Amino acid sequence: MIAPPPSTEAGYACESLPQSEPMLRGGAASSGSRAWPGHAAGKRSQGFALIAVLGLLMVLSLVAAFISSYAEQRLEQTFQLRQQLQGRLDRDATLATLLHVVATRPLVQNAYLLRSPPPAESSYDPFSNTAADVDISAYPHLFVDGRRYQGIGSSAFALQDEGSLLSLLDPDRERWTALFRQNGLTPQQAERFLDQLQDYTDQDDLRRLNGATSSDYLNQGLAPPPQRLMISPGQVFNLLDSTALHEPLLAMLPFATTRSGQLHNLNTAPAAVLQTIPGIDESLAEALVQARQTKPYADLADANQRLGRIIPLDPLAAPSQASPYLRIKLWTVMADCRQPIWLGLSSTPTSRTTPWEIDYLFSLDHEQPCRTPQPVVFPPLLESAMDG
């Protein structure tokens, strides 16, 4: 059988083969152009995922930073609360120790001896000077002239004989006016303060020249006077002019007492109080305080001899023995000496049931210099100091 001649279809087929390549290429190109949008969408998806991960990491970082800051604040608060609690424990332990000292240790002139003298050297009588010849420096002791001591832990304390301070019960106007002058105030301000003080404490509601009655207090939204004697020195801040005199009153408060006070005790009176005594200037007051640091004065004649000058005082009105009225001030050094506690004691050593009575207790919140307290040579809790 004879093969048919090549037809146009075959020729077409033969000729179309070379053309199939560009068609395939074109097809391939067409196919590639259709796949590109999906590829871009995939990249966009990956970008969104990356942004989401970064955002999540940022949120987690912020959360971690917040948790860390919160935990740090809580730790700081916990540390502060622990310090405050420890400060209170130290302060309470110091107070308990001081109360024990007041109840059991002899008060010789201007100091409590932490170890009692031997019976052969002295027979102890808290209201006499039979132990006046005892060398205080030979025994661990605590002075009652207002100097600061290091207490237990972070606490500090000071003991002050209130018998030598200026009284708020029956104020000596001349001496109070001198104290006002020391604090930059005028005699007129002193007179107004003293008149208001006496109007506040007397039993009638009559006004003195510069005083104030109940209506004056009520007009300023203040509690009216109780018309009775003050119990604690802190009550001076209830007077009508206390707001205007707040800072000076804070400075003068350590020198005021609600006891009878005003004794010319050269062994326990602060220098500022000594300067209020007529005839004693600033230099003499500082000399008196400096000389008693090492040895208390036996009497006025002893002070005259040791200072080499005559002190214009009545020997009968210048006791050398501290009174039975004691003020204890307590601070917490960690609290920058803020909020000192003031505690007033009446010592009754002859009583078998109550060796002391607490007459007042209050605290003040104010800024004050936090001086370095003097360390106790033998801490009161140390057995070697407390052995009798």
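Refer to the preceding data block for the structure.
Since the model is a prediction, treat every value here as computed from it, not as a measurement.

Cut-offs used in this document
Residues numbered from 1 in each chain as written. Predicted model: local features only at pLDDT ≥ 70, side-chain atom pairs only at ≥ 80, totals over all residues. Heavy atoms only, no water. Helix = DSSP H or I, 4+ residues; strand = E, 2+ residues; numbered from the N terminus. Contact = heavy atoms within 4.5 Å. Phe/Tyr/Trp six-rings, centres within 6.5 Å; stacked < 30°, edge-to-face > 60°. Buried < 20%, exposed > 50% of the residue type's maximum accessible area, 1.4 Å probe, protein only. Lys NZ or Arg CZ within 6 Å of the ring centre and 35° of its normal. Pairing = 2+ DSSP bridges. Axes fitted to C-alpha atoms, helices over the stretch in contact; angles between N-to-C directions. Core = buried A, V, L, I, M, F, W, Y, C linked by side-chain atoms within 4.5 Å. Patch = residues over 30% accessible without salt bridge, like charges linked within 9 Å, V, L, I, M, F, W, Y side chains within 5 Å. Areas by Shrake-Rupley, 256 points an atom, 1.4 Å probe, with all protein chains shown as cover. Salt bridge = Lys/Arg side-chain N within 4 Å of Asp/Glu carboxyl O. Parallel < 35°, antiparallel > 145°, perpendicular 65-115°, else oblique. Left-handed = near helix turned anticlockwise from the far one by under 90°. Nonpolar A, V, L, I, M, F, W, Y, C, P; charged D, E, K, R; others polar. Expected span 1.5 Å × (residues − 1). Polar contact = N/O pair within 3.5 Å; in protein donor to acceptor, adjacent residues only side chain to side chain.

1. Some words on the side chain of Asp199
Here Asp199 lies in helix α3 (residues 187-201). Not counting residues within four places of it along the chain, the set of residues in contact with Asp199 comprises Asp204, Leu206, Arg207, Arg208, Gly211, Ala212, Pro225 and Gln227.

2. Details of the environment of Gly279
Locating Gly279 in the fold gives a position in the loop between α6 (271-274) and α7 (282-291). It is 8.3 Å that separates the C-alpha atoms of Gly279 and Leu313, two residues lying 34 residues apart in sequence. The contact partners of Gly279, leaving out residues within four places of it in the chain, are Leu284 and Pro312.

3. Some points on the packing of aromatic side chains
All told, the structure shown has eight aromatic pairs when counted by the stated rule. A ring pair is formed by Trp176 and Phe193, whose centres lie 5.7 Å apart and whose planes are at 45°; its orientation type is tilted. Of this pair, Trp176 sits in helix α2 (residues 173-182) while Phe193 sits in helix α3, and the two are 17 residues apart along the sequence. Looking at Trp176, the relative accessible area reads 2%, which means it is buried. Summarising the aromatic geometry, the rings of Tyr360 and Phe362 are spaced 5.9 Å apart at their centres and angled 35° between planes, so their arrangement reads as tilted. Side by side, Tyr360 and Phe362 carry an identical accessibility label, which is buried. Members of the aromatic cluster, each reached through a chain of ring pairs, are Trp176, Phe180 and Phe193. The ring of Trp331 carries Arg148 above its face, with NZ or CZ at 4.2 Å from the centroid.

4. Describing the sheet that holds strand β10 (residues 356-363)
Spatial ordering of the open sheet is given by β4-β5-β8-β9-β10, a layout of five strands whose pairing is antiparallel. Unpaired on one side and paired on the other, β4 (145-150) and β10 mark the two borders of the sheet. Taking the axes of each pair of neighbouring strands and ignoring which way they run, one obtains an average angle of 20° across the sheet. As paired strands, β4 and strand β5 (residues 155-161) are joined by four bridges and run antiparallel to one another. By the bridge assignment, Asp145 is partnered in β5 with Gln160.

5. Points about unusual backbone geometry
The residue Gln109 is not glycine, and still its phi comes out positive at about 55°. Take Gln109: it is sitting in the loop between β1 (107-108) and β2 (111-113). Owing to a relative accessible area of 2%, Gln109 belongs among the buried residues under this scheme. Residues other than glycine seldom take positive phi values, yet Gln262 does so here, at roughly 65°. Tracing the backbone shows Gln262 in the loop between β7 (256-257) and α6.

6. Focus: the nonpolar core
Judged by nonpolar contacts, the single largest core of 49 residues is most densely connected at Trp176, Leu266, Leu274 and Ile280. Contributing elements (two or more residues each) for this core: α2, α3, α5 (246-252), α6, α7, α8 (300-307) and β10. Sequence-distant contacts of Ile280, that is, excluding residues within four places in its chain, are made with Leu274, Gln275, Ala285, Leu288, Ile311 and Leu313. Core analysis: the next-biggest nonpolar cluster, separate from the first, contains 27 residues, Val102, Val108, Phe157 and Leu330 among them.

7. A short note on a nonpolar patch on the surface
Taken together, the side chains of Leu50, Val53, Leu54, Leu56, Leu57 and Leu60 make up a nonpolar region of the molecular surface, amounting to roughly 570 Å² of accessible area. If you trace the backbone, Leu50 turns up in helix α1 (residues 8-104). Judged by relative accessible area, Leu50 falls into the exposed class, the value being 52%.

8. Remarks on the packing of α2 against α3
Close contact between α2 and α3 brings their axes to 9 Å; oriented N to C, the two are set at 130°. By the criterion of interaxial angle, the relationship of α2 to α3 is oblique. Between α2 and α3 lies a crossing whose hand is right-handed. Between α2 and α3, the contacting residues are Arg173, Trp176, Thr177, Phe180 and Arg181 on the first element and Pro187, Gln189, Ala190, Glu191, Phe193, Leu194, Asp195 and Gln198 on the second. Classifying every residue of the contact of α2 with α3 gives six nonpolar, three polar and four charged.

9. Concerning α3
Helix length check: α3, at 15 residues, gives a terminal C-alpha distance of 21 Å against a target of 21 Å (1.5 Å per residue), a fit within 8%. For α3, the full list of buried residues reads Ala190, Phe193, Leu194, Asp195, Gln196, Leu197, Gln198, Asp199, Tyr200 and Thr201.

10. Considerations on the pairing of strand β9 (residues 341-347)
Within β9, seven of the seven residues are buried, leaving the element largely enclosed by the surrounding structure. Residues Ile341, Leu343, Leu345 and Ser347 of β9 are buried on one face, and the alternating residues Trp342, Gly344 and Ser346, pointing to the opposite face, are buried as well. For strand β8 (residues 325-332) and β9, the ladder comprises six bridges, and the chain directions are antiparallel. Note on β9: the bridge partner recorded for Arg327 is Gly344. In the sheet, β9 pairs with β10 via seven bridges, with the strands oriented antiparallel. Across the sheet, residue Leu345 finds its bridge partner in β10, namely Ile358.

11. Describing the environment of Gln198
Tracing the sequence through the fold places Gln198 in helix α3. C-alpha of Gln198 to C-alpha of Leu169: the two residues are 29 residues apart in sequence and 8.2 Å apart in space. Not counting the four nearest positions on each side in its chain, Gln198 is found in contact with Pro171, Arg173 and Arg208. Within the local environment of Gln198, its side chain forms a polar contact with the side chain of Arg173, the two groups lying 2.7 Å apart.

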